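Okay, here's what each chain looks like letter by letter:
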Amino acid sequence: MKMKSVAGIICLVKDLGEVTEFYEKLGFTFKKEVPGVAVTAYLNWFWIEFLLETRVVTEAFKPDVGVEPRGTGQSVHISVDDVDAYYEDLVAKGLRPFSEPADFSWGNREFVLVDPNGYKLVFFTKIK
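The model shown is predicted, which means the values in this text are computed figures rather than measured ones.

S.K.: Tell me about the sheet that holds strand S2 (residues 29-34), and name the residues and values.
M.R.: Across a sheet, paired strands are connected by hydrogen bonds in the backbone, their directions being either parallel or antiparallel. A sheet is described by the order of its strands in space; here 4 strands give the open sequence S1-S4-S3-S2, paired in mixed fashion. Edge positions in the sheet fall to strand S1 (8-13) and S2, since each has one partner strand and no second. Taken over all neighbouring pairs, the strand axes of this sheet differ in orientation by 20° on average, direction set aside. In the sheet, S1 pairs with strand S4 (residues 46-52) via 6 bridges, with the strands oriented parallel. Bridge pairing in S4 links Ile10 to Glu49. In the packing of helix H1 (residues 16-26) onto the sheet, contacts are made with S1, S2, strand S3 (38-43) and S4, and the angle to S4 comes to roughly 155°.

S.K.: Run through a negative patch on the surface, naming residues and quoting values.
M.R.: On the surface, a cluster of negative charge is contributed by Asp15, Glu18, Glu21 and Glu24. Tracing the backbone shows Asp15 in the loop between S1 and H1. By relative accessible area, which is 37% here, Asp15 ends up partly exposed.

S.K.: Go over the packing of aromatic side chains, please, and point to the residues and values.
M.R.: The geometry of two aromatic rings is summed up by the distance between their centres and the angle between their planes. Applying the stated rule across the entire model yields 9 aromatic pairs. Taking 6.1 Å as the distance between ring centres and 90° as the angle between the ring planes, the aromatic pair formed by Trp45 and Phe46 counts as edge-to-face. Take Phe46: its relative accessible area is 17%, and that puts it in the buried class. With a centroid separation of 4.7 Å and an interplanar angle of 10°, the aromatic rings of Phe104 and Trp106 are classed as stacked. Its relative accessible area of 32% is what places Phe104 among the partly exposed residues. Accessibility expressed as a relative area gives 53% for Trp106, which makes it exposed. Connected via pairs of aromatic rings, a cluster forms that spans Phe22, Tyr23, Phe28 and Phe50.

S.K.: Help me get a handle on H1, residues and values and all.
M.R.: When we look at burial in H1, the residues that qualify are Leu16, Val19, Thr20, Phe22, Tyr23 and Leu26. Angular distribution of buried residues about the axis of H1 spans 165°; they occupy a single face of the element. In this structure Asp15 caps H1, since a side-chain oxygen of it lies 2.9 Å from the backbone nitrogen of Gly17. Immediately beyond the C-terminal end of H1, within one or two residues, lies Gly27, with a positive phi of roughly 110°.

What counts and how
Residues numbered from 1 in each chain as written. Predicted model: local features only at pLDDT ≥ 70, side-chain atom pairs only at ≥ 80, totals over all residues. Heavy atoms only, no water. Pairing = 2+ DSSP bridges. Helix = DSSP H or I, 4+ residues; strand = E, 2+ residues; numbered from the N terminus. Axes fitted to C-alpha atoms, helices over the stretch in contact; angles between N-to-C directions. Contact = heavy atoms within 4.5 Å. Patch = residues over 30% accessible without salt bridge, like charges linked within 9 Å, V, L, I, M, F, W, Y side chains within 5 Å. Areas by Shrake-Rupley, 256 points an atom, 1.4 Å probe, with all protein chains shown as cover. Salt bridge = Lys/Arg side-chain N within 4 Å of Asp/Glu carboxyl O. Lys, Arg positive; Asp, Glu negative; His and termini not counted. Charge placed at Lys NZ, Arg CZ, Asp CG, Glu CD. Buried < 20%, exposed > 50% of the residue type's maximum accessible area, 1.4 Å probe, protein only. Phe/Tyr/Trp six-rings, centres within 6.5 Å; stacked < 30°, edge-to-face > 60°. Arc of directions from axis to C-beta. Polar contact = N/O pair within 3.5 Å; in protein donor to acceptor, adjacent residues only side chain to side chain.

In short, geometric facts, not functional conclusions.
Right, dumping it as structure tokens:
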């Protein structure tokens, strides 16, 4: 047996409405919801389920409730067509990225945006 693909991740959050509004500004769509419990954002086939931390019932997630900062040492990397234009679009929508687009030796031009719960999103374009 071998692994097939990474389908999605689960993130514990404090406010479903706030996280939905934030990720909609980024361009994610929301197709699934358990009212008052969870919402699921999609970008193509990849999904992020946002689970309200006060409604966690799965034992494996309970130790993570209330842990701050969220996502320490982890980041979700998201490919965009033009990282500079995407950065400007987010700033125009009132979002405040953690960093400005910059070139890196590993071949990406990227910037970091932290979501309302402290999860880091890295938006990048491959340098040609």
